[in-house]
Structures are given as C-alpha cells and as structure tokens.
Amino acid sequence: MRQQNAGRRSRRQTVPSRPPLELTGKETEEAEAVPDGLDSIEGIHNELEFTQWYNELEDSLLETCLHELQMSKSHLDTLLSDTSSTLDLLSNLSKDFKAVEAQTSNFQNQCEGLLSAQKRDSELATDIQDNLQYYDFLDPASRKLNAPGAGNTVRGQEFSDMLRRLDECLDYMEIHVSALWACNLRTG
C-alpha cells in the first residue's frame, strides 16, 4: 500500500508540460465495461465455461491495461520531447551566456588597458608640467628685467624672490643638461 502511495506522490510532484490525455466518455465506458456475458458468473455450469469466461475476462483486462500503458507511453513521449527541447534551449542559452561572458571579459581587458594608458599619460603630463615650470619662469623674468623701469623692480622684495627662483631654475638646468641641450637643438 505504501509503495502505491509513494508512486502516486511522485506523480503529483511532477508537473506535465501538457495536460494529460483524457478519455472521452465513450472510451471511458469501454475501458470500464465488462464484455458482454462477463458481468456475472451465474451462467457458468462447468469448468469449461468457467475457463472460457476467465480467459475472456483476462483478455479484456489485458486490453484495458495495454490501452492505459499506451496512453502513459504517449504522455511520457510528450514529456521526453518537451524535456529534450528545453535542454536544447538551455544549451543555446549557455552558449550565448559564454559568448557574452567572453565579450565582457575582452571589454574589461580593453578598459583596463585604456585606464593604464590614461594613468601613464597623466603621470607623464604631470612630470612634463613639473619640468616645464623651470623653463616657463625664464621668459617672464627676462621680460621684467628688460622692461622700461626695471631699475625700480630691483629695489623691491619681488626682485629678490625672482632671483631666488631664477637660481632654482638654473640649478635644475645644470642637473638636467641633456634636456636643455635637446631643447636647444630643436630651436636652433
């Protein structure tokens, strides 16, 4: 009894993708009907009649069982077909997911390369800016010294700050002679 209930429970837990095949009223009556003459054993008077009656009953039960098995097979074939198509869909989804994952990974690598190049360029621009400040100071300083009224500039605090800054620039240029030489080659 428990095995029958366990079998019924597992059937209830599975959800068919299509409604099960239902018997029409005529097929139900045929499956449940006992063939003519088999509904009672009153007309049996000897062992031969009983054997015939029993064989007819057995054949009828086997036909009913065969019909139910064919219906179950049809239902299982449908489930198998649905499962197969679902597996195909899942396989295609998996392939698509892997393609998207590969493209995303490639895009991420490209972005990381661009960020690295941007960082390198930014650091280079900062270094150039830091180095140029020494050269940029020379032009305004020489303009101030060559401007009319430069004698008044020599007496103020601004002039001593400019000389201190000019000394820093000259020290930097002495340390970095190759950069100055390269600059002279380009302008000369």
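These numbers were taken from a predicted model, which means no experiment stands behind them.

**Notes on the overall build of the protein chain**
- Within the protein chain, the regular secondary structure consists of 6 helices and 0 strands.
- Moving toward the C terminus, one meets the helices and strands of the protein chain in the order α-α-α-α-α-α.
- Within the span of the protein chain, comprising 188 residues, buried residues form 7% of the whole.
- Look at the contacts in the protein chain between residues 6 or more apart in sequence, and 67% of them connect residues 24 or more apart.
- Roughly 16000 Å² of accessible area belongs to the protein chain as shown, and the carbon and sulfur atoms make up 56% of that amount.

**Quick notes on the packing of helix H3 (residues 47–146) against helix H5 (residues 157–175)**
- Across the interface, H3 lies against H5 with an axial gap of 9 Å and an inter-helix angle of 135 degrees. Here H3 is positioned oblique relative to H5, judged by the angle of their axes. As H3 runs across H5, the sense of the crossing is left-handed. Residues Asn131, Gln133, Tyr134, Tyr135, Phe137, Leu138, Ala141, Lys144 and Leu145 of H3 lie in contact with H5, whose contacting residues are Glu158, Phe159, Met162, Arg165, Leu166, Glu168, Cys169, Tyr172 and Met173.
- The residue makeup of the contact of H3 with H5, split by class, is 12 nonpolar, 2 polar and 4 charged.

**A look at the confidence of the model for the protein chain**
- When the pLDDT values of the protein chain are averaged, the result is 78; 73% of them are 70 or greater.
- Across the protein chain, element-level confidence peaks in H3 with a mean pLDDT of 91 and bottoms out in helix H1 (residues 2–13) with 44.
- When the criterion is pLDDT under 50, residues 1–16 qualifies, and its contacts beyond four places in sequence or with other chains add up to 3 contacts.

**Re the packing of aromatic side chains**
- Per the counting criterion, the structure on display carries 2 aromatic pairs.
- Note on Phe50 and Trp53: the rings are 5.8 Å apart at their centroids and 35 degrees apart in plane angle, and the pair reads as tilted. Residue Phe50 and its partner Trp53 are located together in helix H3, separated by 3 residues, close to a single helical turn.
- Judged by relative accessible area, which is 15%, Trp53 ranks as buried.
- Geometrically, the ring pair formed by Phe50 and Tyr54 is stacked, given 6.2 Å between the ring centres and 25 degrees between the ring planes. Of this pair, Phe50 and Tyr54 both sit in helix H3, separated by 4 residues, roughly a single helical turn.
- A relative accessible area of 41% places Phe50 in the partly exposed class.

Criteria and cut-off values
Residues numbered from 1 in each chain as written. Predicted model: local features only at pLDDT ≥ 70, side-chain atom pairs only at ≥ 80, totals over all residues. Heavy atoms only, no water. Helix = DSSP H or I, 4+ residues; strand = E, 2+ residues; numbered from the N terminus. Buried < 20%, exposed > 50% of the residue type's maximum accessible area, 1.4 Å probe, protein only. Contact = heavy atoms within 4.5 Å. Areas by Shrake-Rupley, 256 points an atom, 1.4 Å probe, with all protein chains shown as cover. Axes fitted to C-alpha atoms, helices over the stretch in contact; angles between N-to-C directions. Parallel < 35°, antiparallel > 145°, perpendicular 65-115°, else oblique. Left-handed = near helix turned anticlockwise from the far one by under 90°. Nonpolar A, V, L, I, M, F, W, Y, C, P; charged D, E, K, R; others polar. pLDDT = per-residue confidence, 0-100. Phe/Tyr/Trp six-rings, centres within 6.5 Å; stacked < 30°, edge-to-face > 60°.

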